[in-house]
Amino acid sequence: VQNLLEIFALGDEFTLPTPPSPHLPLPRTSPYLTHPIFNRYHSETELLRYLHKLETKDLSLTTSMIPLGSCTMKLNATSEMLPVTWAEFGKIHPFAPKSQTQGYQILFQQLEEWLAEITGFAGISLQPNAGSQGEYAGLLVIRKYHESRGETHRNVCLIPTSAHGTNPASAVMCGMKVVAVACDLQGNIDLDDLKAKAEKHSNELAALMVTYPSTHGVFEEAIQEICAVVHSHGGQVYMDGANMNAQVGLCRPGDIGADVCHLNLHKTFCIPHGGGGPGMGPIGVAAHLVEFLPGHAVMAMSDYNPKSKIQNPKSIGAVSAAPWGSASILVISWMYIAMMGATGLTDATKVAILNANYIAKRLEAHYPILYQGKNGYVAHECILDLRSLKKSANIEIDDIAKRLMDYGFHAPTVSWPVAGTIMVEPTESESKEELDRFCDAMISIRQEVAEIEAGKADVQDNVLKNAPHTAESLIIGEWNHPYSREQAAYPAPWTREHKFWPAVGRIDAAFGDRNFVCSCLPMEAYS
Ligand SMILES: *Cc1c(COP(=O)(O)O)cnc(C)c1O
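The rules behind these values
Residues numbered from 1 in each chain as written. Predicted model: local features only at pLDDT ≥ 70, side-chain atom pairs only at ≥ 80, totals over all residues. Heavy atoms only, no water. Helix = DSSP H or I, 4+ residues; strand = E, 2+ residues; numbered from the N terminus. Buried < 20%, exposed > 50% of the residue type's maximum accessible area, 1.4 Å probe, protein only. Polar contact = N/O pair within 3.5 Å; in protein donor to acceptor, adjacent residues only side chain to side chain. Near = heavy atom within 4 Å. Areas by Shrake-Rupley, 256 points an atom, 1.4 Å probe, with all protein chains shown as cover. Salt bridge = Lys/Arg side-chain N within 4 Å of Asp/Glu carboxyl O. Pairing = 2+ DSSP bridges. Axes fitted to C-alpha atoms, helices over the stretch in contact; angles between N-to-C directions. Contact = heavy atoms within 4.5 Å. Phe/Tyr/Trp six-rings, centres within 6.5 Å; stacked < 30°, edge-to-face > 60°. Disulfide = S-S within 2.5 Å. Arc of directions from axis to C-beta.

Q: What am I meant to see in the side chain of E434 here?
A: Within the secondary structure, E434 is located in helix α15 (residues 432-453). On the basis of relative accessible area, E434 is assigned to the buried category, the value being 12%. Within polar-contact distance, the side chain of E434 engages the backbone nitrogen of M65 at 2.9 Å.

Q: For this particular structure, what's the right way to read the site of the ligand?
A: Around the ligand, 13 residues are found, and the nearest of them are S70, S132, D240, H266 and K267. Contact between the ligand and G131: an oxygen atom at 2.7 Å from a main-chain N or O atom of the residue. Expressed as a share of its isolated accessible area of 380 Å², the protein-covered part of the ligand is 88%.

Q: Looking at this structure, I do not really get the pattern of salt bridges. What am I missing?
A: Side chains that differ in sign of charge can pair as their charged atoms come close. With the rule as written, the count across this model stands at 21 salt bridges. Among the salt bridges present, the one from K197 reaches D193, with a minimum N-O distance of 3.1 Å. Linking K197 with D193, this pair stays in helix α9 (residues 191-200), spanning 4 residues, or about one helical turn. According to the relative accessible area criterion, K197 is partly exposed, its value standing at 23%. For the salt bridge of D406 with R403, the shortest nitrogen-to-oxygen distance reads 2.8 Å. Residue D406 and its partner R403 are located together in helix α14 (residues 397-406), separated by 3 residues, close to a single helical turn. The two residues D406 and R403 agree in class, both being buried. Overlapping salt bridges, with partners in common, bring together R362, K432, D436 and D440 in one network.

Q: Whenever I open this one, the sheet that holds strand β4 (residues 205-211) confuses me. Can you help?
A: Adjacent strands of a sheet form backbone hydrogen bonds with each other and so pair up, either parallel or antiparallel. Sheet architecture is open: 7 strands sit in the order β1-β7-β6-β5-β4-β2-β3, paired in mixed fashion. The sheet is open, and its two borders are formed by β1 (123-125) and β3 (177-181), each paired with just one other strand. Here the average twist between neighbouring strands, direction ignored, is 20°. Bridging between β4 and strand β5 (residues 236-240) involves 5 bridges; their strand directions are parallel. Bridging across to β5, L208 finds its partner in V237. Docked against the sheet, helix α7 (residues 131-148) engages β4, β5, β6 (260-262) and β7 (283-285), running at close to 175° with respect to β5.

Q: Would you mind going over the packing of aromatic side chains with me for this structure?
A: Remark: the centre distance and the inter-plane angle together describe each pair of aromatic rings, the angle taken between the planes. Tallied over the full model, the rule gives 13 aromatic pairs. Here the aromatic rings of Y104 and F108 are separated by 5.4 Å at their centres, their planes lie at 25°, and the arrangement is stacked. Here Y104 pairs with F108, and both are found in helix α6 (residues 102-119), just 4 residues apart, close to one helical turn. Residue class for Y104 comes out buried when judged on its relative accessible area of 7%. Using a relative accessible area of 4% as the deciding quantity, one classes F108 as buried. Each ring, one from Y145 and one from F292, has its centre 6.4 Å from the other, and the planes form 75°; the classification is edge-to-face. You can see Y145 sitting in helix α7 and its partner F292 sitting in the loop between β7 and α12 (330-363), a full 147 residues away along the chain.

Q: Just checking my understanding: could you explain the state of the cysteines for this structure?
A: Any covalent bond linking the sulfur atoms of two cysteines counts as a disulfide. With the rule as written, the count across this model stands at 0 disulfides. Left without a disulfide partner, C183 is nearest to the cysteine sulfur of C157, which lies 14 Å away. For C183, a relative accessible area of 22% puts it in the partly exposed group. This cysteine, C439, is not joined by any disulfide, and C382 carries the nearest cysteine sulfur, 8.5 Å off. With relative accessibility at 0%, the residue C439 sits in the buried group.

Q: It is not clear to me how unusual backbone geometry should be interpreted in this structure. Could you clarify?
A: Phi is mostly negative for residues that are not glycine, and the peptide bonds are mostly trans. With an omega dihedral of -10°, the bond running from Y212 to P213 counts as a cis peptide bond. With an omega of 0°, the peptide bond between W416 and P417 qualifies as cis. Structurally, P417 is set in the loop between β9 (413-414) and β10 (421-424). Backbone geometry at L33 places phi at a positive 45°, although glycine is not the residue there. Positionally, L33 belongs in the loop between α1 (2-7) and α2 (37-40). Since its relative accessible area comes to 49%, L33 is described here as partly exposed.

Q: Explain helix α10 (residues 223-232) to me, please; I cannot follow it from the model alone.
A: Three- or four-residue spacings in an α-helix give side chains the same orientation, since the helix completes a turn every 3.6 residues. Along α10, the residues classified as buried are I223, I226, C227, V229 and V230. Projection of α10 onto a plane perpendicular to its axis shows the buried side chains occupying an angular sector of 160°, all on one side. In this structure, α10 carries Q224 and S232 as exposed residues pointing more than 90 degrees from its buried face. One or two positions beyond α10, positive phi appears at G234, with a value near 80°.

In structure tokens form, the structure reads like this:
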């Protein structure tokens, strides 16, 4: 309180009594942090053990690859993460005067330059805090652009049916009308349908949102033509950059024909994002859109013109509370790019694509690969089609995802973008040994399914339906299953050397989604 008084030059007029009077600072009358967990741990050792106990319940990158398609769960290197802990980055207020944040300013400028080079765009805004917020900001920029040309009526956003759910959500939030574009059997945008829809809505066409390589994990060959069709009808192309891990150093959204693109720095550029954040979703825009990039009421952004001290009158305004979003984690991406260099980044992309194709080739005899380009290759991820197993063995996608836990693996992305399939993205961070271990697990699971198909294993009571197997379920009480405990818990050789024990068995996901459970103390605790 004394510090605050001094800041406002009132330090002389009010002096706090020492020791402070019981009335200053104002005593809190309501209880706070009442849950027992906040008062249980009083030594560092105990707190450490508590945190580690929580940590071991998580099947993280410390145990296995996390092959989540579209999520790009790559290494978050220690050297990239270290600067986040430095007070010079972590303890600066977002509105600190620029004279006190010169290092940050250099970092912003360099990162913007690098990202502009990587994407082929004229301007970058570091303000959006997530890919989805980048979509929102980018579509606002597109709307503002149309407005500036007296075309406020342009409000139709074309989105292929394969798109991530955030695409239509962002379009609706920007006041646009979503029109779906069909995909063909190979997973590509149906060009005829796109042309028809663009033609039909030619007058009102605001934008197309397109993901490249597509969410089906394939480089869409018609991508340049797709952009040209949209432009010929006066629309703008928003490229969803979540799959930039397959582009960096090889091709650039700006060259392909996109007008705006977001980058998920927490995917392609190494910011850790297990458990939901924090992320960063900067957008890049072509030259004609730079003047509309986000600004800020408190800080002059000087986004597009370092000499400008005034707010650009045409800016869409702020999309985040802080002018450069979650600025402190930008150092992670800065470190990644600085250490990799142009050659390293390009190599990473090539290895990411190579790894995905290696998995696709090793697994294709066991699981159909849903989408491939015309030469039989995928991009940086692949979709394994498990739908036929429902009919042949009553095996659902969840059964395989949960069984992977018994093998010590985090499941890939399940039922997205196609229900009943899994999408695998190994990233460049995984070694051939780890890719082989994952493939071995998937092949072994396919053999377990084959036992059910052949009638050798029970259709209901089998290693897949009961997965994951907790230690408790194996040890306590009678063992009444037709398979052995060993088959349940040690299905692969590496599990003997290091076994990840799932903390809970199978839960009823649909029931859980529909029945929220409050983890607060029961009402009696308050009486
Ligand atoms: C992850 C993702 C998004 C959303 O990005 P967030 O940073 O999670 O908001 C959008 N589109 C695709 C294809 C994605 O994979």
